[in-house]
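# Structural description and commentary
Each chain, written out:
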Amino acid sequence: MDTVSNELQSLRRAIRDVVAVSTFPAIWLQNTPNQIADSLAEMLYSTLRLEFTFVSICNCGRDFIRKAYTRQGFLKSNDVDAIYQNLAPLFSAEWRSNIIKGFTHPLSGEGSVQLIIIAIGTVSKHNVLVAGSTRKDFPTETERLVLNVAVNQAAVTIEQKLAQERAEHAERAIRESEARYVLASRATRDAIWDWNLVTNQILWNEAMHTEYGYSLEVMNGDATWWYEHIHPEDREHVVEAIHQIIESGEQNWHHEYRYQRADGTYATVFDRGYVVHLNGKPVRMLGAMQDVSIRKEAEEKIKALHQQAEAVRQELRDFIEQSPAAMYMVKGPQHEFTLANSHYLKLVERGMDKLIGKTIREVFSESEDGWFLSLANRVYQTGVPFVGKEMPFRNPAGKECFLNVVYQAFRASDGKILGLLGFAHDVTEEVLARKKAEELATDLQVAVQARDDFLSIASHELKTPITSLKLQIQMISRSLMKSSVRNIPKGRLEKMLISSNRQIEMLVNLVDDLLDVSRIINGKLLMKPSLMNLADMVNEVVERFQDQLDSSKISLTINADKDVIGVWDWHRLEQVFTNLLTNAIKYGNGKPIQVQVKNLETSVSLSIIDHGIGISKENQGIIFNRFERINAVDTYSGLGLGLLIAKEIVTTHGGKILVESELEKGSTFTVELPIKAPGSVDEIVIPSLSLRSMS
């Protein structure tokens, strides 16, 4: 009887607890997830008289609500977290059964607690109930029944709450979306359209009325109305393009075309749309048509301005290219080339690809840029133009040119310097021509001065023998007037005739020198080379000078090889040697003279050495010039033509004449000749010489 009585009491208590638990869902529907968790944990704790209850509920995916009830002093502060952390891996292990597991969990102090974990529905694995008791038989069948009922009721309530919240959230989102659409539709001037591809109906917003002038009654209807108002020239390809997008399964479309307003005018529009698909089929298309007429007009104006600017730029390029001067344009402080004509490319010997887009420093090395980089910097910094005349410039080939240049800054509308225009006119030919003219003028002055000097010298040189000859003739004439020739002493008459003959020879030599210079200038000095012995010629000339050497008490020694044979003009080499020997006697201060004749296998040499006044270093380069005399005319006679004639004769023989001298120590003149003079054995003509080459 006692056993039956106990079972009846347990049953009545279980029924009471189940009924109590069943009343909570009606209340929970009005509660928040936080309140449901709190109510469930407290209800089970008090109804089943447990030592511990713990509830975790996911708050619509946003966060987790945790509520725990425990008998005072039964659990410490860290026991709840420890229980949750240790049991968390089991939350999804047995998802389909309500009562997951029962086991003993040690407490942080003494003793342990019997725990069971129950999943609250299937919405989230984090929705769980943990119940604990110190009784060994926990949970009993009655307690399992109460726990299952409570958890099932909580799960149903939570799922209903979540469904209700999702519905409310979706409804709010729709209302907000519609409100945003209305506001956006009113705020924008775009004509927004909604095309039902199933019924072929199009709905438009108010912009179709405000921007294009159509009433709502007219514009909302079949898509054909939209087609008919597309410009006839654009209609076919617009309709074809939009249907191609719809039928191809793509989603985005855009097109620019002309669309008719209600007043009959056309607006340029940019139309774009998005295709909505359902089960792979297009059912709807949303889009917006924007009036871009103003932008289009602006673009056309900008395009026209660009074309005008390009035309102006082309005219500028043509002008620069056709300019007779070298022209170029650089921009920025680094002077980057932006434009150059063919004259400039030719001047600097660069191709266009090596110039445009590069700076002056990149194009020209420091040795090439010379002055123009520093001038470009100055004009760019100051804005003051620079004009230069006959500026020297060395091109990449090393040729020196002369340029007239102009550097001019060009500015923006605000006055800021943007770059430089450069002009360069090659005046090299003009400069060289002027310099040539200046040289010719100088040569002419030199020639005139030489002529005056010559006339003065020639007058002096010619007057001396003529005066002496005249005196001799007068003396003979007076003697004849006083008595006959027989009465004049023979010795005296002979002496007078010899003196007269010497003066005549001087005149003849002077005239011959003048004639030779004239022949040299005109290229008519004839040479008649033949086989000869140079030593024989030297001995013969020295023999003719012996009386003069004896009277001047000058000793002369000859050191000559025996046979110095070659093909030369005897008379002309005799003329050369005579001139050199005469100079040695004239300027030798009466000191000994040595003559050397040497055979050098392929050539020969003839040297005349004196120990007289000598020639300074600076004068050694000019003694072979025409009419050149480095000594006073009153002291030494002569026209100053001898060395010039000697040099030309030796040069024509293919040889050269050298001089070594030092003041007050004498001079050595050496003639070097090849064995055979160039040209045939017949006549050799000396090339014509310019006046300048002889000065």
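Residues numbered from 1 in each chain as written. Predicted model: local features only at pLDDT ≥ 70, side-chain atom pairs only at ≥ 80, totals over all residues. Heavy atoms only, no water.

For the protein, the name recorded in an unreviewed UniProt entry is histidine kinase, with Nitrosomonas supralitoralis as its organism. Note on the protein: under the UniProt heading Subcellular location (unreviewed entry), the record states "Cell inner membrane". Under the heading Catalytic activity (unreviewed entry), UniProt records this for the protein: "ATP + protein L-histidine = ADP + protein N-phospho-L-histidine." (UniProt positions renumbered as here; feature names shortened; annotations may be inferred.)

## Let's talk about the confidence of the model for the protein
Low pLDDT means the predicted coordinates in that region are not meant to be read closely. Summarising the model, the protein shows a mean pLDDT of 77, and 68% of its residues fall at 70 or more. Low pLDDT, under 50, characterises residues 94-99; the predicted model gives this stretch 15 contacts beyond four residues in sequence or across chains. Considering only residues more than four positions removed or in separate chains, one finds that residues 688-695, a stretch of pLDDT under 50, has 20 contacts. (pLDDT = per-residue confidence, 0-100. Contact = heavy atoms within 4.5 Å.)

## Thoughts on the packing of aromatic side chains
Applying the stated rule across the entire model yields 10 aromatic pairs. Both rings, one in Y214 and one in W225, keep their centres 4.9 Å apart while their planes meet at 85°; by these two values the pair is edge-to-face. A residue pair is termed long-range when its members are at least 10 positions apart, and Y214 in the loop between α6 (207-210) and α7 (216-219) and W225 in helix α8 (residues 223-228) qualify at 11 residues. In this structure W225 comes out as buried when scored by relative accessible area, which is 12%. Linked through ring pairs, W195, W226 and Y227 together constitute an aromatic cluster. (Phe/Tyr/Trp six-rings, centres within 6.5 Å; stacked < 30°, edge-to-face > 60°. Helix = DSSP H or I, 4+ residues; strand = E, 2+ residues; numbered from the N terminus. Buried < 20%, exposed > 50% of the residue type's maximum accessible area, 1.4 Å probe, protein only.)

## What to know about the packing of helix α17 (residues 534-544) against helix α19 (residues 570-587)
In contact at an axis separation of 10 Å, α17 and α19 are set at 50° when each is read in the N-to-C sense. Taken together, α17 and α19 sit at an angle that is classed as oblique. The crossing of α17 and α19 is right-handed. From α17, L534, D536, M537, V538, E540, V541, V542 and R544 reach across to α19, where they touch W570, L573, E574, F577, T578 and L581. (Axes fitted to C-alpha atoms, helices over the stretch in contact; angles between N-to-C directions. Parallel < 35°, antiparallel > 145°, perpendicular 65-115°, else oblique. Left-handed = near helix turned anticlockwise from the far one by under 90°.)

## Regarding the packing of α19 against helix α20 (residues 642-652)
Remark: α19 packs on α20, axes separated minimally by 9 Å, with the N-to-C direction vectors making an angle of 145°. Both α19 and α20 take part in a crossing whose hand is left-handed. On α20, the residues that touch R572, Q575, V576, N579, L580 and N583 of α19 are G642, L643, I645, A646, I649 and V650. Class assignment for the residues of the contact of α19 with α20 results in 7 nonpolar, 4 polar and 1 charged. (Nonpolar A, V, L, I, M, F, W, Y, C, P; charged D, E, K, R; others polar.)

## Side note on the nonpolar core
Grouped together as the largest cluster of nonpolar side chains are 41 residues, with contacts concentrated most on L534, F577, L581 and L606. Of all the elements in the fold, those that place two or more residues in this core are α17, α19, β21 (593-599), β22 (603-609), α20, β23 (656-662) and β24 (666-674). Of all the elements, α19 adds the most residues to this core, at 7 residues. Membership of the second largest hydrophobic core comes to 31 residues, among which are A340, L347, L403 and L420. (Core = buried A, V, L, I, M, F, W, Y, C linked by side-chain atoms within 4.5 Å.)

## Description of the pattern of salt bridges
Counted by the stated rule, this structure contains 15 salt bridges. In this structure, E438 engages R434 in a salt bridge whose closest nitrogen and oxygen atoms are separated by 3.3 Å. Taken together, the residues span about one helical turn, with E438 and R434 both in helix α15 (residues 428-482) at a distance of 4 residues. The salt bridge partner of E540 is R544, with a shortest N-O separation of 3.7 Å. Of this pair, E540 and R544 both sit in helix α17, 4 residues apart, roughly one helical turn. Residue R544 is classed as partly exposed on the basis of its relative accessible area of 46%. What you see here is one network of salt bridges that share partners, running through E256, R295, K296 and E299. (Salt bridge = Lys/Arg side-chain N within 4 Å of Asp/Glu carboxyl O.)

## A word on the pairing of strand β15 (residues 400-411)
Sheet analysis places strand β14 (residues 386-394) next to β15, joined by 7 bridges and oriented antiparallel. Residue F386 lies in a different strand from β15, and its bridge partner there is Y407. Turn length for the β15-strand β16 (residues 417-426) hairpin, with the two strands adjacent in sequence and antiparallel, is 5 residues, and the turn residue G415 shows positive phi of about 90°. (Pairing = 2+ DSSP bridges.)

## Looking at the sheet that holds β24
The sheet built from 5 strands is open, its strands ordered β19-β21-β22-β24-β23 with mixed pairing. The open sheet terminates on both sides in strands that have one partner only, identified here as β19 (556-560) and β23. Averaged over all pairs of adjacent strands, the angle between strand axes in this sheet comes to 10°, irrespective of strand direction. For β22 and β24, the ladder comprises 7 bridges, and the chain directions are antiparallel. The residue of β24 that forms the bridge with I609 is T668. Running over the sheet, α20 touches β23 and β24 and is turned about 25° from β24.

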